[in-house]
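Topology and contacts: notes
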Amino acid sequence: MNTPNIDLHSHSTISDGLLTPTELVSYASKKDVQVLALTDHDDIAGLKEARLMSKKLNIIFINGVEISVTWRKRTLHIVGLNFDDSNVNLINGLKQIRIGRENRAKKMAHSLGMASIFNSLEGAKKYTKHSTIGRIHFAQFLVSKGYAKDIKNVFKKFLTPGKPGYVEHEWASLKDAVEWITQAGGDAIIAHPGRYDMGKKLYPSLLADFKSFGGSGIEVMSGSQDPSQSQYFAELAKEYDLFASCGSDFHGPGISHRSIGFVKNLPDECKPIWLKWPNVINNIH
Ligand code: AMP
Ligand code: MN
Ligand code: MN
Ligand code: MN
């Protein structure tokens, strides 16, 4: 399907992206993005600024967020789109997750200390800018100190399950995250379904739970999943009567697999999520 240039997954300095919301929208405009969602991890503080800049540059802006969730002991990401960003339940839910991020960071620093890497919390905080802390900020600190040659390797050596620096963490429940989004009038989407470490057997249970909580769709196309998986997720979306979404998961020039606006053209059999949104279908040209 030759869709318009729609990118419904991106990050700014409000979470672990490199560009400020204003810079991100400018960058998207240069890449001819027509419809953009900013989806920072567990935070919606960048939406106002991004919306303002989008207006200036004639981009249709969609409110977004990427919520960290624990489902059956696994961490999943749920993207929320096109919600009311003044919804108090959503705002409070996200605040709780950010408090959890701070607690996890202390445990990560302790764990790195056991591997004789000291002062990593202070070091990581230097990279957070306006955001709450995430693994990326520890990664940047560790690379700057020469513990690994780049971000990819630092995740392999330190920040993934079983390695020093990784700690298990309980995020929001899938049900809560989906309900915060839908009660704020938005659509809940399973982010990059191909990136989770689970066998094909588990997808039906996940999709059944997700649908029963009110979830709308899945990212059939994502910059952070292997493009060859798109057909499989297009079929799953059809089977579970879910809408399809697409997004680059752009974090900044040079650090993301795919640039902003370059993950589009959903398979023909998909129902694009934006068909639900009058603000997009009435304004797209
Ligand atoms: P967190 O939510 O703090 O646990 O961090 C998750 C974020 O870390 C993801 O959204 C990515 O931006 C980044 N990330 C996770 N795994 C990797 C990896 N292997 N290489 C580079 N970045 C990664
Ligand atoms: Mn990220
Ligand atoms: Mn994600
Ligand atoms: Mn993301």
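Overview of the structure. (Residues numbered from 1 in each chain as written. Chains lettered and ligands numbered in written order. Predicted model: local features only at pLDDT ≥ 70, side-chain atom pairs only at ≥ 80, totals over all residues. Heavy atoms only, no water.)

**Observations concerning the site of ligand 1**
Selection criterion: Being near a molecule or strand, for a residue, comes down to having at least one heavy atom within 4 Å of it. The term polar contact refers here to a pair of N or O atoms within 3.5 Å; inside protein, the definition further demands a hydrogen-donor-capable atom paired with an acceptor-capable atom, and it admits residues adjacent in sequence only when both atoms are side-chain atoms. Here the Shrake-Rupley method, with its probe set to 1.4 Å, supplies the accessible areas, and only the displayed protein chains count as covering residues. Strands here are runs of E lasting at least two residues and helices are runs of H or I lasting at least four, both read from the DSSP assignment and numbered beginning at the N terminus. Residues are sorted three ways: Asp, Glu, Lys and Arg are charged, Ala, Val, Leu, Ile, Met, Phe, Trp, Tyr, Cys and Pro are nonpolar, and all the rest, Gly among them, are polar.
Ligand 1 sits among Asp16, His41, Arg101, Arg104, Gly134, Arg135, Ile136, Ile151, Phe155 and His251. One of the side-chain N or O atoms of His251 is found 3.0 Å from an oxygen atom in ligand 1. Protein chains shield 78% of the accessible area of ligand 1, which is 510 Å² for the free molecule. Looking at the shell around ligand 1, the elements with two or more residues in it are helix 3 (88-114), helix 5 (135-144) and helix 6 (151-159). Within the shell around ligand 1, the residues separate by chemical class into three nonpolar, three polar and four charged.

**Examining the nonpolar core**
We apply this condition: Residues grouped as a nonpolar core are buried Ala, Val, Leu, Ile, Met, Phe, Trp, Tyr and Cys residues, joined through side-chain atoms within 4.5 Å. In this scheme, a residue with accessible area under 20% of its type's maximum is buried, one over 50% is exposed, and one in between is partly exposed, where area comes from a 1.4 Å probe on protein chains only. Note on contacts: a residue pair is in contact if any heavy atoms of the two residues lie within 4.5 Å.
Counting residues in hydrophobic clusters, the biggest one holds 71 residues, and the most contacted among them are Leu8, Ile67, Val220 and Trp274. Per element, the largest residue contribution to this core is seven residues, and it comes from strand 3 (residues 60-71). Here Val220 is in contact with Gln225, Ser230, Phe233, Ala234, Ala237, Ala244, Ser245, Leu266, Pro267 and Cys270, once residues within four sequence places are set aside. With 19 residues, the next largest nonpolar core counts Ala109, Phe138, Phe141 and Val167 among its residues.

**A word on the coordination of the manganese ion (ligand 2)**
Threshold: Metal-coordinating donors are taken as N, O and S atoms lying within 2.8 Å of the metal, or within 3.2 Å when the metal is Na, K or Ca; because water is left out, some sites can appear incomplete.
Around the manganese ion (ligand 2), the donor atoms from the protein are Asp16 (OD), Asp16 (OD), His41 (NE2) and His251 (NE2), and they sit 2.2 to 2.8 Å away. Mapped onto the sequence, the residues coordinating the manganese ion (ligand 2) show the spacing D-x24-H-x209-H. Between the manganese ion (ligand 2) and the manganese ion (ligand 3) the interatomic distance amounts to 5.6 Å. Here His41 is found in the loop between strand 2 (35-38) and helix 2 (47-56), whereas its partner His251 is found in the loop between strand 8 (243-247) and helix 10 (278-281), with 210 residues between them in sequence. By relative accessible area, His41 is classed as buried at 10%. When its relative accessible area of 14% is taken as the criterion, His251 is described as buried.

**Description of helix 1 (residues 21-30)**
Quick reminder of the rule: Each direction from the helix axis to a C-beta atom contributes to the arc, which is the arc of those directions.
Within the span of helix 1, buried status applies to Pro21, Leu24, Val25 and Ala28. Down the axis of helix 1, the buried set is contained in an arc of 95°. They therefore lie on one face. Looking at the buried positions of helix 1, the neighbouring elements they touch are strand 2 and helix 2. Of the residues trailing helix 1, Asp32 is marked for its positive phi of about 65°.

**Let's talk about the packing of aromatic side chains**
Aromatic rings in a pair are described by how distant their centres are and how their planes are angled relative to each other. Formally: In this analysis, rings of Phe, Tyr and Trp, with Trp reduced to its six-membered ring, are considered paired at centre separations within 6.5 Å, and the interplanar angle assigns stacked below 30 degrees, edge-to-face beyond 60, and tilted for intermediate values. Working rule: Lys NZ or Arg CZ, within 6 Å of ring centre, within 35 degrees of ring normal, means a charge sits over the ring.
Inspection of every chain in the model, using the stated rule, returns five aromatic pairs. For the pair Tyr147 and Phe158, a centre-to-centre distance of 6.2 Å together with 80° between the ring planes defines the contact as edge-to-face. Placement of the pair is Tyr147 in the loop between helix 5 and helix 6 and Phe158 in helix 6, with a sequence separation of eleven residues. A residue is classified by how much of its surface remains accessible, and Phe158, at 8% relative accessible area, is buried. Three or more aromatic residues joined by ring pairs make a cluster, and in this case those are Tyr203, Tyr232 and Phe233. In this arrangement the basic side chain of Lys200 is found over the ring face of Tyr232, its NZ or CZ atom lying 4.2 Å from the centre.

**Digging into the packing of helix 7 (residues 174-183) against helix 8 (residues 202-213)**
Heads up, the condition is: Axis definition: a line fitted to C-alpha atoms, over the contacting stretch in the case of helices. Angles run 0 to 180 degrees between N-to-C directions. Each angle gets one of four labels, with under 35 degrees taken as roughly parallel, over 145 as roughly antiparallel, 65 to 115 as roughly perpendicular, and the rest as oblique. By convention, the crossing between two helices is left-handed when the near helix turns anticlockwise from the far helix through less than a right angle, and right-handed when the turn is clockwise.
Contact geometry for helix 7 and helix 8: axes closest at 9 Å, N-to-C directions at 40°. With respect to helix 8, the axis of helix 7 lies oblique. Of the two elements, helix 7 crosses helix 8, and the hand of that crossing is right-handed. Every residue of helix 8 that contacts helix 7 at Leu174, Lys175, Val178 and Glu179 is listed here: Leu206, Asp209, Phe210 and Phe213. Broken down by class, the residue content of the contact of helix 7 with helix 8 amounts to five nonpolar, no polar and three charged.

**Some words on the environment of Glu239**
Topologically, Glu239 is positioned in helix 9 (residues 230-239). C-alpha of Glu239 to C-alpha of Asp32: the two residues are 207 residues apart in sequence and 33 Å apart in space.

**A word on the state of the cysteines**
Condition: Criterion for a disulfide: a pair of cysteine sulfur atoms within 2.5 Å.
Scanning the model with the defined rule gives zero disulfides in all. The closest cysteine sulfur to the non-disulfide-bonded Cys246 is located on Cys270, 9.4 Å from its own sulfur.

**Observations regarding the pattern of salt bridges**
For side chains bearing opposite charge, pairing can occur when the charged atoms are close. To keep things clear, this is the line we draw: For salt bridges, the criterion is a side-chain nitrogen of Lys or Arg within 4 Å of an Asp or Glu carboxyl oxygen.
Summed over the entire model, instances satisfying the criterion amount to seven salt bridges. Between Asp42 and Arg101 there is a salt bridge, and its shortest N-O distance comes to 3.0 Å. In this pair, Asp42 sits in the loop between strand 2 and helix 2 while Arg101 sits in helix 3, placing the two residues 59 residues apart along the sequence. One exposure class covers both Asp42 and Arg101, and it is buried.

**Digging into the packing of helix 3 against helix 5**
Think of two packed helices as two axes; the pair is described by the angle between the axes and how far apart they sit. Between helix 3 and helix 5, the shortest axis-to-axis distance is 11 Å and the interhelical angle comes to 30°. The handedness of the crossing between helix 3 and helix 5 is right-handed. Between helix 3 and helix 5, the contacting residues are Arg104, Ala105, Met108, Ala109 and Leu112 on the first element and Arg135, Phe138 and Leu142 on the second. Considered class by class, the residues forming the contact of helix 3 with helix 5 number six nonpolar, no polar and two charged.

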